[in-house]
Amino acid sequence: MANLKSLAKDTAIYGLSSIVGRFLNYLLVPLYTHYMPKESGDYGVSTNIYAYSALILVLLTFGMETTLFRFANDEKAKPDTVFSTVMAVVGTLTALFLLLVFGFITPLSNALGYAEHPDYLTMMAVVVALDALQAIPFSFLRYQKRAIRFASLKLLFIFLNIGLNLLYFVWLGKTSVFYVFFINLLCTGFITLLFLPDLFRIHWHFDGRLLRQMLSYSWPILILGIAGILNQVADKILFPLVYPDASEANVQLGIYGSCVKIAMIMAMITQAFRYAYEPIVFAKSKDGDKTEYYAAAMKYFLIFTLLAFLCVVGWMPVLQYIIGADYREGLGVVPIVMVAEIMMGIYFNLSFWYKLIDKTIYGAWFSLAGCIVLFAVNILFIPKYGYWACAWGGVAGYGTSMVLSYVVGQRKNPIPYPMKDMALYVALTAMLTISIQCFPSFGLSQGVNLAFNTLCIAIFTVYIVKRDLPLSNLPVIGKKFKK
């Protein structure tokens, strides 16, 4: 129970930086979709380049974030030596990446369709390189349980980014997508400088023997990471390549990319949970009650992601104003993308069985299988169904990885997940979602529809409290209910 309380506390802190930060970033979505007209395709360009950036970031970090936790928790290892060795790997890869980009910028720009704007690629290359270098100190902060420091730096980046975007787009009238990348470069560089004091406190020592062990552990995680990130961004990379109308591709991608922002609340919750959960899992791997803990964590993760799903679906009449009116035609994909994100979160929770027994190759195979399914759906159906194929491709890809991990995991390292309880929550969510989707057909006012949707969310919340989270067990509040 103490570990679950620690998980809840750290998730709340990490969630503050993730959820509040993403919420503040939502302010940029109406800003961009207002100042960058749909027809310009600029938002589609931004979506496409950031998709490539996410993939490259996984390559540069080389699975070393998880590797750091694995080896820093080894009783025989010195945390500073582990950190130093990991930084040597990431630093070397980053330097090689920048040399390749700057040496071959012209052919790269031509190949990716940005022959007239190589500056987009050079700026984002530097941003990705700095992000990769930051990833390891951020992971070390998580290992050290320095959640406040972690959250402060993440939020500082967000506030600085928003401030500069408002300055350039609103005050100075600089509305090109160029300034989106330029501002990102400025903010990322500033945060990198703030890590220098932390780096000076490290006792730097490179261990070649440790490096060989790390690389043996991390390369399957790299494959897993590549397949995992492709599941998230492949649709945005493939879309301009397979959409039949090249001149319209970035316009349609901009619509999809802006609507997906609303669905990203699932990514926020999963990320916050991961930041808190991953260090605890490795630290708890030797405890006798670990399987019960993992099962309970999975259940509560599912409960609260389903609650978030209902909140987004139910309050869509309000949330739709996050994006500009010209982009709202794609809002129908939001629930589908959120289902895919829930599956991704479940898959993440299921992944620890092979990480803890050093069989990360299983994760690579599961993610590759999901990635193949996603690629197939996108390539086959984008030409006919556009971004709807992207949304359903995510469900198919994550669903494949999730099912494979569960089936194999229960054979190799069984965990007693409360499947019946979780199935009841899924069934209740499906029933309430159908009710929310069908209620507008009665032709009542939007205010009445919103009230009905809120009632459905309240029903789900009451069910949680009655069944799995009695108020009497909560701190402070619980004292009143025990009297």
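These numbers come from a predicted model, not from an experiment.

Definitions and cut-offs
- Residues numbered from 1 in each chain as written.
- Predicted model: local features only at pLDDT ≥ 70, side-chain atom pairs only at ≥ 80, totals over all residues.
- Heavy atoms only, no water.
- Helix = DSSP H or I, 4+ residues; strand = E, 2+ residues; numbered from the N terminus.
- Buried < 20%, exposed > 50% of the residue type's maximum accessible area, 1.4 Å probe, protein only.
- Areas by Shrake-Rupley, 256 points an atom, 1.4 Å probe, with all protein chains shown as cover.
- Core = buried A, V, L, I, M, F, W, Y, C linked by side-chain atoms within 4.5 Å.
- Expected span 1.5 Å × (residues − 1).
- Contact = heavy atoms within 4.5 Å.
- 1 Å grid on protein atoms, 1.4 Å probe; cavity = no way out; pocket = protein on both sides within 12 Å on 5 of 7 lines; lining within 4 Å.
- Points joined across faces, edges and corners; volume = space filled by probe spheres on them.
- pLDDT = per-residue confidence, 0-100.
- Phe/Tyr/Trp six-rings, centres within 6.5 Å; stacked < 30°, edge-to-face > 60°.
- Salt bridge = Lys/Arg side-chain N within 4 Å of Asp/Glu carboxyl O.
- Patch = residues over 30% accessible without salt bridge, like charges linked within 9 Å, V, L, I, M, F, W, Y side chains within 5 Å.
- Axes fitted to C-alpha atoms, helices over the stretch in contact; angles between N-to-C directions.
- Nonpolar A, V, L, I, M, F, W, Y, C, P; charged D, E, K, R; others polar.
- Parallel < 35°, antiparallel > 145°, perpendicular 65-115°, else oblique.
- Left-handed = near helix turned anticlockwise from the far one by under 90°.

## A closer look at the overall build of the chain
A tally of helices and strands in the chain yields 22 helices and 0 strands. Per-residue burial over the chain gives 52% buried out of 483 residues. About 21,700 Å² of surface is accessible on the chain, with carbon and sulfur atoms providing 68% of the total.

## Considerations on the nonpolar core
In this structure, V334 and F460 are the most contacted members of the largest nonpolar core, which totals 134 residues. Of all hydrophobic cores here, the second largest spans 6 residues; its members include F138, L141, F150 and F195.

## Points about helix α5 (residues 79-103)
The end-to-end C-alpha distance of α5 is 36 Å, a good match for the 36 Å that 25 residues give at a rise of 1.5 Å each. When we look at burial in α5, the residues that qualify are T81, V82, F83, S84, T85, V86, M87, V89, V90, T94, F97 and V101. Lining the buried residues of α5 we find α3 (42-61), α4 (64-72), α6 (105-112), α7 (118-143), α10 (196-200) and α11 (208-242).

## Structural notes on the side chain of S109
Turning to its location among the elements, S109 is positioned in helix α6. For S109, a relative accessible area of 1% puts it in the buried group.

## Regarding the layout of surface pockets
By volume, the second largest pocket amounts to about 500 Å³. For the lining of the second largest pocket, the secondary structure elements donating two or more residues are α14 (290-314), α16 (334-350), α19 (387-412) and α20 (419-438). For the lining of the second largest pocket, the element with the highest residue contribution is α20, accounting for 7 residues.

## So, the side chain of K236
By secondary structure assignment, the location of K236 is in helix α11. For K236, the contacting residues outside a window of four places in its chain are T47, N48, A51, L253 and Y256.

## Focus: the confidence of the model for the chain
Confidence in the prediction of the chain, expressed as mean pLDDT, is 84, and 86% of residues score 70 or more. Per-element averaging of pLDDT across the chain places helix α22 (residues 477-482) at the bottom with 48 and α20 at the top with 95.

## A word on the packing of aromatic side chains
Centre-to-centre distance and the angle between the planes together describe a pair of aromatic rings. Going through the model one piece at a time under the given rule, you end up with 25 aromatic pairs. Here Y43 and Y327 contribute two aromatic rings whose centre-to-centre distance is 6.1 Å and whose plane-to-plane angle is 65°, an arrangement assigned as edge-to-face. Separated by 284 residues along the polypeptide, Y43 in helix α3 and Y327 in the loop between α15 (316-319) and α16 bring together distant segments of the chain. Side by side, Y43 and Y327 carry an identical accessibility label, which is buried. Ring pairs connect the aromatic residues Y32, Y35, Y43, F169 and Y327, which therefore count as one cluster.

## So, helix α12 (residues 246-263)
With 18 residues, α12 should reach 26 Å at 1.5 Å per residue; the first-to-last C-alpha distance of 26 Å fits that figure. α12 sits mainly inside the fold: 13 of its 18 residues count as buried.

## What to know about the pattern of salt bridges
This structure, assessed with the given rule, holds 5 salt bridges. With its nearest N and O atoms 3.2 Å apart, the salt bridge here joins D421 to K299. With D421 in helix α20 and K299 in helix α14, this pair connects stretches of sequence that are 122 residues apart. A salt bridge links D468 to K299; its shortest N-O distance comes to 2.4 Å.

## Describing unusual backbone geometry
One non-glycine residue with positive phi stands out, namely F62, at about 55°. Here F62 lies in the loop between α3 and α4.

## A look at a nonpolar patch on the surface
Together, L380, F381, Y385, W388 and W392 make up a nonpolar patch on the protein surface, roughly 580 Å² of accessible area in all. Of all the secondary structure elements, the ones that give two or more residues to the nonpolar patch are α18 (361-385) and α19. Among the elements that make up the nonpolar patch, the one with the highest residue count is α18 (3 residues). A relative accessible area of 45% places Y385 in the partly exposed class.

## Thoughts on the packing of α7 against helix α8 (residues 147-171)
Orientation of α7 relative to α8, taken along the N-to-C sense of each, is 145°, at an axis distance of 8 Å. For the pair α7 and α8, contact is made by F138, L141 and R142 and by R149, F150, L153 and K154, respectively. Looking at side-chain class alone, the contact of α7 with α8 contains 4 nonpolar, no polar and 3 charged residues.

## Observations concerning the packing of α8 against helix α9 (residues 177-194)
At a closest axis distance of 9 Å, the pairing of α8 and α9 adopts a crossing angle of 150°. Our classification of the angle between α8 and α9 gives roughly antiparallel. With respect to the hand of their crossing, α8 and α9 are arranged in right-handed fashion. Of the residues in α9, those in contact with R149, L153, L156, F157, L160, N161, L164, N165, Y168 and F169 of α8 are Y179, V180, F182, I183, N184, L186, C187, T188, F190, I191 and L194. In terms of residue class, the contact of α8 with α9 is built from 16 nonpolar, 4 polar and 1 charged.

## A word on the environment of L350
Along the polypeptide, L350 turns up in helix α16. Along the backbone, L350 and S401 are 51 residues apart, and their C-alpha atoms lie at a distance of 9.9 Å.

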